Number of protein chains: 2
Amino acid sequence: MFFERSVKDYINIDPLQTGSKLTDDAKKVLLEWGDGYSICDYCTGKLEEISKPPIKRFAEELLEFLDCDCVRFTTGAREGKFVVMHSLSREYPDKKYVVVDANAHYSTILSAERAGLKILKVENSGYPEYKVNVEKYKEILESRSDILLVVLTYPDGNYGNLPDAKRVSEFCKREEVPLLLNCAYSIGRMPVSLRDIGADFAVASGHKSMASSGPVGLLCFSDEYKKVIAKQSKYKKGKEVEFLGCSARGVPLLTLMASFDHVKERVKKWEKEVEKARWFSEEMEKMEIRQLGEKPHNHDLMFFESEVLYDISTRVKKGRYFLYKELKKRRIHGIKPGLTKNFKLSTYLVPKEDLKIVLEAFEEIISTYS
Amino acid sequence: MFFERSVKDYINIDPLQTGSKLTDDAKKVLLEWGDGYSICDYCTGKLEEISKPPIKRFAEELLEFLDCDCVRFTTGAREGKFVVMHSLSREYPDKKYVVVDANAHYSTILSAERAGLKILKVENSGYPEYKVNVEKYKEILESRSDILLVVLTYPDGNYGNLPDAKRVSEFCKREEVPLLLNCAYSIGRMPVSLRDIGADFAVASGHKSMASSGPVGLLCFSDEYKKVIAKQSKYKKGKEVEFLGCSARGVPLLTLMASFDHVKERVKKWEKEVEKARWFSEEMEKMEIRQLGEKPHNHDLMFFESEVLYDISTRVKKGRYFLYKELKKRRIHGIKPGLTKNFKLSTYLVPKEDLKIVLEAFEEIISTYS
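All figures in this text were calculated on a predicted structure; none of them were measured in a lab.

## What about the overall build of chain A?
Then, in step 1: When helices and strands are counted, chain A shows 15 helices and 12 strands.
Then, in step 2: Taking 370 residues into account, the globule formula puts the C-alpha radius of gyration at 21 Å, and chain A, at 21 Å, falls close to it.
Then, in step 3: A principal-axis box enclosing the C-alpha atoms of chain A has dimensions of 70 × 55 × 35 Å.
Then, in step 4: For chain A, buried positions account for 64% of its 370 residues.
Then, in step 5: Partitioning the intrachain contacts of chain A with sequence separation of at least 6 by distance along the chain shows that 69% fall at a separation of at least 24.

## A closer look at the sheet that holds strand 2 (residues 70-74) of chain A
Residue and element names in this part refer to chain A.
Then, in step 1: Taken in spatial order, the 7 strands of this open sheet run 2-8-7-6-5-3-4, and their pairing is mixed. The sheet is open, and its two edges are formed by strand 2 and strand 4 (118-122), each paired on a single side. If you compare each strand with its neighbour and ignore which way they point, the axes differ by 20° on average.
Then, in step 2: Examined bridge by bridge, strand 5 (residues 147-153) and strand 6 (residues 179-182) share 4 bridges and lie parallel to one another. Pairing of Val 151 across the sheet is with Leu 180, part of strand 6.
Then, in step 3: Packed onto the sheet, helix 2 (residues 55-66) meets strand 2 and strand 8 (217-221) and runs at close to 120° relative to strand 2.

## A closer look at the domain arrangement of chain A
All names here are of chain A.
Then, in step 1: Domain annotation of chain A identifies domain 1 (11-18 + 269-369) and domain 2 (24-265).
Then, in step 2: Centre-to-centre separation of domain 1 and domain 2, based on C-alpha positions: 30 Å.
Then, in step 3: Listed as interface residues are 22 residues of domain 1 and, on the opposing side, 22 residues of domain 2.
Then, in step 4: Each partner contributes to the roughly 1800 Å² buried at the junction of domain 1 and domain 2, and carbon and sulfur atoms together form 49% of this total.

## As for empty space enclosed by the protein
Then, in step 1: The tally for this structure, following the rule as stated, stands at 9 cavities of 30 Å³ or more.
Then, in step 2: Roughly 320 Å³ of volume is contained in the largest cavity.
Then, in step 3: Along its surface, the largest cavity is lined by 23 residues, and Thr 75, Glu 79 and Arg 114 of chain A together with Thr 75 and Glu 79 of chain B are the ones closest to its centre.
Then, in step 4: When contributions to the lining of the largest cavity are tallied by element, the ones reaching two or more residues are helix 3 (77-91) of chain A together with strand 2 (70-74) and helix 3 (77-91) of chain B.

## Things to note about the packing of aromatic side chains
Then, in step 1: What the rule picks out here adds up to 25 aromatic pairs over all chains.
Then, in step 2: Taken together, a centroid distance of 5.7 Å and an interplanar angle of 10° make the contact between Phe 343 of chain A and Phe 362 of chain A stacked. Taken together, the residues Phe 343 of chain A in strand 12 (residues 342-346) and Phe 362 of chain A in helix 15 (residues 352-369) connect sequence positions 19 residues apart. For the pair formed by Phe 343 of chain A and Phe 362 of chain A, the shared burial category is buried.
Then, in step 3: Over the ring of Phe 2 of chain B we find Lys 28 of chain A; its NZ or CZ atom is 5.7 Å from the centre of that ring.

## Structural notes on the pattern of salt bridges
Two side chains of opposite charge can pair, provided their charged atoms sit close to one another.
Then, in step 1: One pass over the full model with this rule turns up 58 salt bridges over all chains.
Then, in step 2: Ionic pairing is found between Arg 144 of chain B and Asp 146 of chain B, a salt bridge with its closest N-O pair at 2.9 Å.
Then, in step 3: Members of the salt-bridge network, linked through shared partners, are Lys 318, Glu 326, Lys 329, Arg 330 and Glu 364 of chain A.

## Quick notes on the interface of chain B and chain A
Then, in step 1: Counting residues at the interface gives 82 residues for chain B and 82 residues for chain A.
Then, in step 2: A combined buried area of about 7300 Å² lies between chain B and chain A, and 58% of that area is made up of carbon and sulfur atoms.
Then, in step 3: Summed over the three residues of chain B that lose the most area to chain A, namely Phe 3, Arg 114 and Leu 244 of chain B, the buried surface amounts to 12% of that side.
Then, in step 4: Along the contact surface separating chain B from chain A lie 10 salt bridges.
Then, in step 5: Salt-bridge contacts for Glu 242 of chain B lead to Arg 114 of chain A; the nearest nitrogen and oxygen are separated by 2.8 Å.
Then, in step 6: Seen at the junction of chain B and chain A, the total is 45 residue pairs in polar contact (both at pLDDT 80 or more).

## A few points about the relation of the copies chain B and chain A
For the pair of chain copies, the relating operation is a rotation around an axis with a shift along it.
Then, in step 1: Under the fitted operation, chain B is carried onto chain A by 0.0 Å of movement along the axis and a turn of 180°, and the coordinates agree to an RMSD of 0.0 Å. Taken together, the rotation and translation describe the operation of a two-fold axis. Residue Leu 30 of chain B, judged by its C-alpha, is the member of chain B lying nearest the rotation axis, at 3.3 Å.
Then, in step 2: A share of 100% of the interface residues of chain B reappears at the interface of chain A, consistent with the copies meeting face to face through the same patch.

## Re the confidence of the model for chain A
One rule of thumb: low pLDDT means the predicted coordinates there are not for detailed reading.
Then, in step 1: Of the residues in chain A, 100% have a pLDDT of 70 or more, and the chain-wide mean is 97.
Then, in step 2: Among the prediction metrics, the complex's ipTM stands at 0.97, with pTM recorded as 0.98.

## Quick notes on the side chain of Arg 189 of chain A
Residues and elements named next belong to chain A.
Then, in step 1: Relative to the helices and strands, Arg 189 is located in the loop between strand 6 and helix 7 (194-197).
Then, in step 2: Within polar-contact distance, the side chain of Arg 189 engages the side chain of Asp 300 at 2.7 Å.
Then, in step 3: Ignoring anything within four residues of it in the chain, the contact list for Arg 189 reads Pro 15, Thr 18, Gly 19, Lys 208, Ser 209, Arg 266, Val 267, Trp 270, His 299, Asp 300, Ser 346 and Tyr 348.

## Notes on the pairing of strand 10 (residues 301-305) of chain B
Residues and elements named next belong to chain B.
Then, in step 1: Counted residue by residue, strand 10 has 5 buried out of 5 residues, so it is predominantly covered.
Then, in step 2: Side-chain alternation along strand 10 places Leu 301, Phe 303 and Glu 305 on one buried face and Met 302 and Phe 304 on a second face that is also buried.
Then, in step 3: In the sheet, strand 10 pairs with strand 12 (residues 342-346) via 5 bridges, with the strands oriented antiparallel. Its bridge partner being in strand 12, Glu 305 is matched across the sheet by Asn 342.

## Side note on a positive patch on the surface
Then, in step 1: A cluster of like positive charges, contributed by Arg 90, Lys 96, Lys 118, Lys 231 and Lys 234 of chain A together with Arg 90, Lys 96, Lys 118, Lys 231 and Lys 234 of chain B, occupies part of the molecular surface.
Then, in step 2: Mapped onto the fold, Lys 231 of chain A is located in the loop between helix 9 (226-229) and helix 10 (251-258).

## Thoughts on the packing of helix 5 (residues 135-143) of chain B against helix 6 (residues 165-175) of chain B
Residues and elements named next belong to chain B.
Then, in step 1: The contact between helix 5 and helix 6 brings their axes to 9 Å, and the two run at 15°. By the angle between their axes, helix 5 is roughly parallel relative to helix 6. Crossing hand, helix 5 versus helix 6: right-handed. Residue-level inspection shows Glu 135, Tyr 137, Lys 138, Leu 141 and Glu 142 of helix 5 in contact with helix 6, the latter providing Arg 167, Val 168, Phe 171, Cys 172, Arg 174 and Glu 175.

## Observations regarding helix 14 (residues 322-329) of chain A
Residues and elements named next belong to chain A.
Then, in step 1: Inspection of helix 14 places Phe 322, Leu 323, Tyr 324, Glu 326 and Leu 327 among the buried residues, and these make up the whole buried set.
Then, in step 2: Of the surrounding elements, those touching the buried residues of helix 14 are helix 13 (307-315), strand 11 (332-333), strand 12 and helix 15.
Then, in step 3: The positive-phi residue at the C-terminal boundary of helix 14 is Arg 331, with phi of around 60°.

## Side note on the side chain of Ser 346 of chain B
All names here are of chain B.
Then, in step 1: With respect to the helices, strands and loops of the structure, Ser 346 is situated in strand 12.
Then, in step 2: Here Arg 189 takes part through its side chain, which lies 3.4 Å from a polar atom of the side chain of Ser 346.
Then, in step 3: In terms of polar contacts, Ser 346 uses its side chain to reach the backbone amide nitrogen of Tyr 348, at 3.1 Å.
Then, in step 4: When sequence neighbours within four positions are dropped, the list of residues in contact with Ser 346 reads Ile 13, Asp 14, Pro 15, Thr 18, Arg 189, Asp 300 and Leu 301.

## Observations concerning the sheet that holds strand 9 (residues 290-292) of chain B
All names here are of chain B.
Then, in step 1: Spatially, the 3 strands line up as an open sheet ordered 9-10-12, and their pairing is antiparallel. The open sheet has two free edges, formed respectively by strand 9 and strand 12, since each of these has just one partner strand. Neighbouring strand axes in the sheet, compared pairwise and without regard to direction, differ in orientation by 40° on average.
Then, in step 2: Where strand 9 lies against strand 10, 3 bridges are found, and the strand directions are antiparallel. Looking across to strand 10, one finds that Arg 290 is bridged to Glu 305.

Conventions we followed
- Residues numbered from 1 in each chain as written.
- Chains lettered and ligands numbered in written order.
- Predicted model: local features only at pLDDT ≥ 70, side-chain atom pairs only at ≥ 80, totals over all residues.
- Heavy atoms only, no water.
- Helix = DSSP H or I, 4+ residues; strand = E, 2+ residues; numbered from the N terminus.
- Rg over C-alpha atoms; globule rule 2.2 N^0.38 Å.
- Buried < 20%, exposed > 50% of the residue type's maximum accessible area, 1.4 Å probe, protein only.
- Contact = heavy atoms within 4.5 Å.
- Pairing = 2+ DSSP bridges.
- Axes fitted to C-alpha atoms, helices over the stretch in contact; angles between N-to-C directions.
- Domains from an automatic or database assignment.
- Buried area = accessible area lost by both parts, 1.4 Å probe.
- 1 Å grid on protein atoms, 1.4 Å probe; cavity = no way out; pocket = protein on both sides within 12 Å on 5 of 7 lines; lining within 4 Å.
- Points joined across faces, edges and corners; volume = space filled by probe spheres on them.
- Phe/Tyr/Trp six-rings, centres within 6.5 Å; stacked < 30°, edge-to-face > 60°.
- Lys NZ or Arg CZ within 6 Å of the ring centre and 35° of its normal.
- Salt bridge = Lys/Arg side-chain N within 4 Å of Asp/Glu carboxyl O.
- Polar contact = N/O pair within 3.5 Å; in protein donor to acceptor, adjacent residues only side chain to side chain.
- Least-squares fit on C-alpha atoms with pLDDT ≥ 70 in both.
- pLDDT = per-residue confidence, 0-100.
- Patch = residues over 30% accessible without salt bridge, like charges linked within 9 Å, V, L, I, M, F, W, Y side chains within 5 Å.
- Areas by Shrake-Rupley, 256 points an atom, 1.4 Å probe, with all protein chains shown as cover.
- Lys, Arg positive; Asp, Glu negative; His and termini not counted.
- Charge placed at Lys NZ, Arg CZ, Asp CG, Glu CD.
- Parallel < 35°, antiparallel > 145°, perpendicular 65-115°, else oblique.
- Left-handed = near helix turned anticlockwise from the far one by under 90°.

Structure follows, in structure tokens:
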């Protein structure tokens, strides 16, 4: 049975999707390696060491790209977060707390919950910027000795705020608590150096930000934690317990590899993407659609607030679905059905010409209904 | 960058791969839904409830197909096993043991190890049949009260032995210990009814036996364990803890869906596959390549032993790689490089004409080197 994807030719501003459009090479490997377990044709027992297709070489290149000691493939950022929390909690059973920023993705919370850990939240500044107060990390870290791990969302998936990760890492180092960065929206979009930031762990998402099919991600970590993260089975030689022996054993990993050249190039153009996002934000504000989160903004993922659109929704027939329907009519995809007052979008890799069409659409919709 | 798969047009007898060749529809959905997170176009918060593409309907059809109460998508059989062990261990912390058959896949052991559980092994009969003595389950279950879970590999991935799962389930019911079936090599190949067997849990593998790209699998369970397996987050409404909110969020799931009509049809022809496997086994034995495991055999996955081929390997230049190289020359893929004395293969969905080519290859190789 075949299923058609209705939005495939739309202008796509869905924050989940702008960073994961496949390259042509990725599309080609999909067909070449689509059959289940085909990437295991020449496996000798460990995913990261397969040399045909060249997964091993790719893993080595990733170390340079991310400036870190070790990397493992996962089925996504959340699975990597759980590996870190679960393995650390087994190693340090007395440390029961994970410090998490208020802008954390829900899967960070679920990872902690699944690992049986308690959560300490670092609040954000609230409306309108929702900035995480990184100085609060210092306070929490100094106040207690039962903290297992600090997680920082870099940036978060709601406002696209990029907190000062280096500052948090300084506090963590001082108190000897490891730091995990959730880079689902940064690695693959912008340059990230684990050594430069001083993070012990980072997770990345292939299907969010690395031009890949899902589910695939990365878990990067420092040599210091290799024994914990990459712990070997007592029973099955060479198999790593936290990865159940093998993780992302399928074609999404090949799309990640096939798109890697493109990804390496695109992160170099990050400043241009930020510039474009800021321009878009300014244009939206001219229509009284206010951008929340950090300003000036440092990421393509942006959160907007619109009283105008909300007002319209309260009096039109289609109610709160009017915006979604109007955008759909114009072949624009990515703002969730039912949202009008608050919504997020991403301008990442969306051509300026297409963004102009989006801006015109908002203008038209507002003037039609006003 | 593009990577070519060298063996794509070969006759494939790799046990990992014979059940996961994509259907034409699955290939088409790969391109249609390859972009990361595209299956989430219309997600309202839960993977199993997405109606466009029709994941929800598919999940319902799976309940009927597998004759069970509940199903969740996973990234593979092992991830499903870990979900069961981990969630049960949190619910019943005093029960520390998992009973596992001696033919269990290594990932069953790793799942237990990762969940912090201890293992009790039910031995097999040893050479040449390696049959799991299912009566032993009774003995173990009656002898102790700290057993959390019983796992039965149905069939195992080494010998392709199909143990009497119904018998094991009777013992489990009597002692009120839940039973998990590892159906990575059965669901999608042969008819499996959870209700009929009386299993509480079963895991399936899309990329092993359901004509899918990896990584994707199924976890099926009875209503009785829904509260444990599908436990909701205390913090994030509607999100299931053990699945970190969402599991197989990518195109492999769509290939599973696209191939499902084909899979439903092929399981009806299982008897023919068993017949073909038995014929192949007999033909191999004529060359003094002995089939180990159950005889007559009940599955397409078979383990062979050959003194003849081993003898050759001890005196030829290419050593133990000679068999692999000779088969490769004949465009036959699936027997691991370096194996001669013991190797496994699968005849599943391999046309009889191709199997004849394989048999001729063995004959030729033996006569050339003898």
